[in-house]
Amino acid sequence: VVGRIFELASFYFLEKKLLPGEVLLSPTETFLIYSIIYRERKINRIDPFFAGLEGVTVPDGIIILPEPKKNYTRIVGVVEYSASNHVWDEKKHTADKFFEDFFQKGPQRSHGATALGRAIHALLPQCPPKLYGKRREFRMIYVVPEDERHNPNGSNMEVFRAPLLRSEIHLILERLVQDTK
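Since the model is a prediction, treat every value here as computed from it, not as a measurement. (Residues numbered from 1 in each chain as written. Predicted model: local features only at pLDDT ≥ 70, side-chain atom pairs only at ≥ 80, totals over all residues. Heavy atoms only, no water.)

Asks: Account for the overall build of the chain, with residues named and values stated.
Replies: Scanning the chain from N- to C-terminus turns up five helices and eight strands. Walking the chain from its N terminus toward its C terminus, one meets helices and strands in the order α-β-α-β-β-β-β-α-α-β-β-β-α. A burial count over the chain gives 46% of its 181 residues as buried. Sequence-distant contacts, at least 24 apart, represent 58% of the contacts inside the chain between residues at least 6 apart. Here the chain displays about 10200 Å² of accessible surface, and carbon together with sulfur accounts for 54% of that area. (Helix = DSSP H or I, 4+ residues; strand = E, 2+ residues; numbered from the N terminus. Buried < 20%, exposed > 50% of the residue type's maximum accessible area, 1.4 Å probe, protein only. Contact = heavy atoms within 4.5 Å. Areas by Shrake-Rupley, 256 points an atom, 1.4 Å probe, with all protein chains shown as cover.)

What follows is the structure in structure tokens.
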């Protein structure tokens, strides 16, 4: 529950930090897009608030930039929200896997990018279904509590510190539980 509270608060925080025209897909929208693309995969319920797709790494969010005049949607990057200490390299795997799945060279590339583009367009009709993305421009964004002191190292990695301390997230949860008694 703490993770979900942080994820929701961080989504709204990060949305305000985007560059003009960029769109941040919520965790729910991102999961919906992945469940369309990987419809043959089993949905694993992790807890009442989280679900995953069997054998698929799903990021917490995707940042896109619709460019209708150029007739494509630019994939800007992926987002990971984390309220707990974690291993940055594990999270970086999410960005690498995303890019590999949808923008790798060869016959699989067209299928992955086409499926992702169609799913985004179905959710957001203002986004052309053709996708554009370059690895050197692709961003991996981490959103962590304000009191997180570790930083990732690597190219195209950014850290945003949400204006919440871990203790405040736990306090919110405690108060929610008290309100239900």
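So much for the structure itself; the text now carries on.
Asks: Now, about the nonpolar core: what can you tell me, with residues and values included?
Replies: Judged by nonpolar contacts, the single largest core of 26 residues is most densely connected at Tyr 34, Ile 64, Ile 75, Phe 98, Leu 116 and Ile 120. Listed by contribution, the elements that provide at least two residues to this core are helix 2 (27-37), strand 4 (61-67), strand 5 (72-81), helix 3 (88-103), helix 4 (107-123) and strand 7 (139-145). Apart from residues lying up to four places away in sequence, Ile 120 is in contact with Leu 25, Ile 33, Ile 64, Ile 75, Cys 127 and Leu 131. Phe 11, Leu 24, Ala 83 and Ile 141 belong to the second-largest nonpolar core, a separate cluster that totals 19 residues. (Core = buried A, V, L, I, M, F, W, Y, C linked by side-chain atoms within 4.5 Å.)

Asks: Describe the packing of aromatic side chains, naming the residues involved and giving the relevant values.
Replies: The geometry of an aromatic ring pair is captured by the separation of the ring centres together with the interplanar angle, meaning the angle of the planes. Going through the model one piece at a time under the given rule, you end up with two aromatic pairs. Plain terms: the ring middles of Phe 11 and Tyr 12 are 5.0 Å apart, the flat faces sit at 75° to each other, and that makes the pair edge-to-face. For Phe 11, a relative accessible area of 7% corresponds to the buried category. On the accessibility criterion, Tyr 12 (52% relative accessible area) is exposed. Centroid distance Tyr 72 to Tyr 132: 5.0 Å. Interplanar angle 35°. Geometry classified as tilted. Of this pair, Tyr 72 sits in strand 5 while Tyr 132 sits in strand 6 (residues 131-132), and the two are 60 residues apart along the sequence. Its relative accessible area of 14% is what places Tyr 72 among the buried residues. Given the relative accessible area of 22%, Tyr 132 is considered partly exposed. (Phe/Tyr/Trp six-rings, centres within 6.5 Å; stacked < 30°, edge-to-face > 60°.)

Asks: Give me the lowdown on the pattern of salt bridges, citing residues and values where you can.
Replies: Taken as a whole and assessed by the stated rule, the structure comprises six salt bridges. Glu 137 is the salt-bridge partner of Arg 74, the closest N and O atoms lying 3.2 Å from each other. Linking Arg 74 in strand 5 with Glu 137 in the loop between strand 6 and strand 7, this pair joins segments that are 63 residues apart in sequence. Judged by its relative accessible area of 35%, Glu 137 falls in the partly exposed class. Here Arg 139 makes a salt bridge to Glu 158, at a shortest N to O gap of 2.7 Å. Here Arg 139 is found in strand 7, whereas its partner Glu 158 is found in strand 8 (residues 157-162), with 19 residues between them in sequence. Look at Arg 139 and you get buried, because its relative accessible area is 15%. Look at the salt bridges and you will find they share partners, linking Glu 67, Lys 70, Arg 74, Arg 136 and Glu 137 into a network. (Salt bridge = Lys/Arg side-chain N within 4 Å of Asp/Glu carboxyl O.)

By themselves these figures say nothing about function.
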